[in-house]
Amino acid sequence: MSVKIRLKRMGTKKRPYYRIVVQDSREPRDGAAIDEVGVYHPIEVEDKQIAFDEGKVRSWIEKGATPTDTVRQLLNKKNFTC
């Protein structure tokens, strides 16, 4: 089973926000998630856009989960190295 850390779209039309989730790569984008590790609000103020639990993210990466390119960029914005 390939596990990825990726974005799950929430919100309404023209007002999106995303949850950063750990999910089986075969699941659909908005399907069932294994764990929820953070949120991303692209229309918020710059310093409030990204929030995540570093401990959960680090533990999932140690277990073999791979972040998608977009999630990797978001984590790097908060000075978290993958």
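The preceding data block contains the structure.
Now for a quick tour of the structure.

The rules behind these values
The numbering scheme is per chain: residues are counted from 1 as the chain's sequence reads. At least 70 in pLDDT is required for a residue's local features to be given in this predicted model, at least 80 for side-chain atom pairs to be given and counted, and no such filter applies to totals for whole chains, interfaces and linings, which use all residues. With hydrogens and water set aside, each side-chain value is computed from the structure's full complement of heavy atoms. Counting from the N terminus, the helices are DSSP H or I runs at least four residues long and the strands are E runs at least two residues long. Throughout, radius of gyration means the C-alpha value; the globule benchmark is 2.2 Å times the number of residues raised to the power 0.38. Residue contacts are counted whenever heavy atoms from the two residues lie within 4.5 Å of one another. Each residue is assigned to one of three classes by its accessible area relative to the maximum for its type, calculated with a 1.4 Å probe on protein chains only: buried under 20%, partly exposed between the two thresholds, exposed over 50%. DSSP-based pairing: two strands are paired if at least 2 bridges between them are found. By the criterion applied in these results, polar contacts are pairs of N or O atoms within 3.5 Å in which, for protein atoms, one can donate a hydrogen and the other can accept it, and in which residues neighboring in sequence qualify only through two side-chain atoms.

1. Considerations on the overall build of the protein
- Looking only at helices and strands, one finds two helices and five strands in the protein.
- For the protein, the sequential pattern of α-helices and β-strands runs β-β-β-β-α-β-α.
- Against the compact-globule benchmark of 12 Å for 82 residues, the protein has a radius of gyration of 12 Å, which places it among compact chains.
- Residue pairs at least 24 apart in sequence account for 31% of intrachain contacts in the protein once pairs closer than 6 positions are excluded.

2. What about the environment of Gly 11?
- Of note, Gly 11 is situated in strand E1 (residues 3-12).
- Owing to a relative accessible area of 45%, Gly 11 belongs among the partly exposed residues under this scheme.
- A C-alpha to C-alpha distance of 9.8 Å links Gly 11 and His 41, two positions 30 residues apart in sequence.

3. Concerning unusual backbone geometry
- One non-glycine residue with positive phi stands out, namely Lys 14, at about 70°.
- Among the structural elements, Lys 14 can be located in the loop between E1 and strand E2 (15-24).
- The backbone of Asn 79 sits at a positive phi, close to 60°, despite the residue not being glycine.
- Note that Asn 79 resides in the segment after helix H2 (69-77).
- Note on Asn 79: relative accessible area 70%, which makes it exposed.

4. Here we look at the sheet that holds strand E3 (residues 35-40)
- Ordered by their spatial adjacency, five strands build an open sheet running E4-E3-E2-E1-E5, and the pairing between neighbours is mixed. Strands with a single pairing partner mark the edges of an open sheet, and in this sheet they are strand E4 (50-52) and strand E5 (66-67).
- Two strands pair when backbone bridges link them, and E3 and E4 are joined in this way by three bridges, in the antiparallel orientation. Looking across to E4, one finds that Val 39 is bridged to Ala 51.

5. Focus: the side chain of Gln 23
- Here Gln 23 lies in strand E2.
- For Gln 23, a relative accessible area of 0% gives the class buried.
- Engagement of the side chain of Gln 23 in a polar contact is seen with the backbone oxygen of Gly 31, the distance being 3.1 Å.
- The contacts of Gln 23, once residues within four sequence positions are left out, are Ser 2, Val 3, Lys 4, Arg 6, Pro 28, Arg 29, Gly 31, Ala 32, Ala 33 and Ile 34.

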